[in-house]
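Spelled out, the chains give:
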Amino acid sequence: MNYFPQRVERPAQIALLAALREVIAEAPLFIPAMPRSGNPMSVRMTNCGPLGWVTDKESGYRYQATHPKTGEPWPPIPNMLLDLWHEVVNYKAPPEACLVNYYAGSAKMGLHQDKDEEDFDAPVLSVSLGDTGIFRVGGRSRQDPTQKYALKSGDVVVLAGTDRLAYHGIDRILAGTSDLLPEGGRFNLTLRRVTKPE
Ligand code: MD6
Ligand code: FE
């Protein structure tokens, strides 16, 4: 994995958080449900960009152009994030989806691959804001050994090339490790290209 610790400095984190609050005001965080079982995930989710990643009991994992509760199009991806994508990632087209995950308390994310996109040539870039998250990343097989990284507010992670389909997840959040969010917890924003460009 390509790890850029503190790539987003504190003033930019504050600006990004303000943009994120506007996104959430328009597209509220919702509780995603696992395919088939319908069990709720522990994170809260929303999106910005032309496409957003959603999941529910009936239709499972997918990208769609509208918020599942409001039915409205997702708000645009903040310019700061589009700039970051072009600065950090070497790819010919802009991202189409920015998934916003919010972790409070004991929320976590199981080991998974990001594989609902058409275009695996495009990297996936993530930015963390708020409390530290313990990120676990392995290889392309679930059985491969994993490494842990403590992702702090402002850290950027890129999964590209042979790592694009690496298994990864969040073991837990370390409460009280950042004062960026008054309410505590952690946001992670993942930028993805969904369709093949052209
Ligand atoms: C998280 N991140 O950090 C979850 N996916 O909360 C991801 O699932 C992720 O950080 C693809 C690429 C980078 C990531
Ligand atoms: Fe992921």
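A brief structural summary. In this text, all values refer to a predicted model and were calculated from it rather than measured experimentally.

Cut-offs and rules
Residue positions within a chain follow its written sequence, with the count starting from 1. Think of it this way: whatever chain is written first is A, whatever ligand is written first is 1, and the rest follow in order. Residue-level local features of this predicted model are given only where pLDDT is at least 70; pairs of side-chain atoms are given and counted only at 80 or more, and the full residue set underlies all totals for whole chains, interfaces and linings. Side-chain metrics in this entry use all non-hydrogen atoms of the structure; hydrogen atoms and water are not considered. A cutoff of 4 Å decides nearness: a residue is near a molecule or strand if any of its heavy atoms lies inside that distance of it. Within 3.5 Å is the distance limit for a polar contact, defined as a pair of N or O atoms, with the added protein rule that one can donate a hydrogen and the other accept it, and that residues adjacent in sequence qualify only through two side-chain atoms. Accessible areas in this description were obtained via Shrake-Rupley with a 1.4 Å probe; residue shielding takes into account the shown protein chains only. Helix numbers and strand numbers start at the N terminus; a helix is a DSSP run of H or I with at least 4 residues, a strand a run of E with at least 2. Any residue outside Ala, Val, Leu, Ile, Met, Phe, Trp, Tyr, Cys, Pro, Asp, Glu, Lys and Arg is labelled polar, Gly included; the first ten of those are nonpolar and the last four are charged. Burial classes: relative accessible area under 20% of the type maximum marks a residue as buried, over 50% as exposed, and values in between as partly exposed (1.4 Å probe, protein chains only). In this analysis, strands are considered paired if DSSP registers two or more bridges between them. Axes here refer to lines fitted to C-alpha atoms; in helices the fit is confined to the stretch in contact. Angles between the N-to-C directions go from 0 to 180 degrees.

Structural notes on the site of ligand 1
Line of reasoning, step 1. Near ligand 1, the surroundings consist of Y103, H112, D114, V124, S126, F135, L159, H168, I170, R186, N188 and T190.
Line of reasoning, step 2. Within the side chain of R186, an N or O atom sits 2.8 Å from an oxygen atom of ligand 1.
Line of reasoning, step 3. In this structure, N188 approaches ligand 1 through a side-chain N or O atom, which is 3.2 Å from an oxygen atom.
Line of reasoning, step 4. Against a free-state accessible area of 340 Å², the protein chains account for coverage of 99% of ligand 1.
Line of reasoning, step 5. Contributions of two or more residues to the shell around ligand 1 are made by strand 7 (124–130), strand 11 (168–174) and strand 12 (186–192).
Line of reasoning, step 6. With 3 residues, strand 12 is the largest single contributor of residues to the shell around ligand 1.
Line of reasoning, step 7. Residue composition of the shell around ligand 1, grouped by class: 5 nonpolar, 5 polar and 2 charged.

Let's talk about the environment of L17
Line of reasoning, step 1. Examined against the element boundaries, L17 turns out to sit in helix 1 (residues 10–26).
Line of reasoning, step 2. By relative accessible area, L17 is classed as buried at 9%.
Line of reasoning, step 3. L17 sits 164 residues away from L181 along the chain, and the two C-alpha atoms are 8.4 Å apart.

Quick word on the sheet that holds strand 6 (residues 109–112)
Line of reasoning, step 1. Reading across from one edge, 6-11-8-9 is the order of the 4 strands in this open sheet, with antiparallel pairing throughout. On the outer flanks of this sheet lie strand 6 and strand 9 (147–151), each paired with one strand and no other. Taking each pair of neighbouring strands and ignoring which way they run, the sheet shows an average axis angle of 25 degrees.
Line of reasoning, step 2. With 6 bridges joining them, strand 8 (residues 132–137) and strand 11 adopt antiparallel strand pairing. Considered in strand 11, the bridge of T132 is made with L174.

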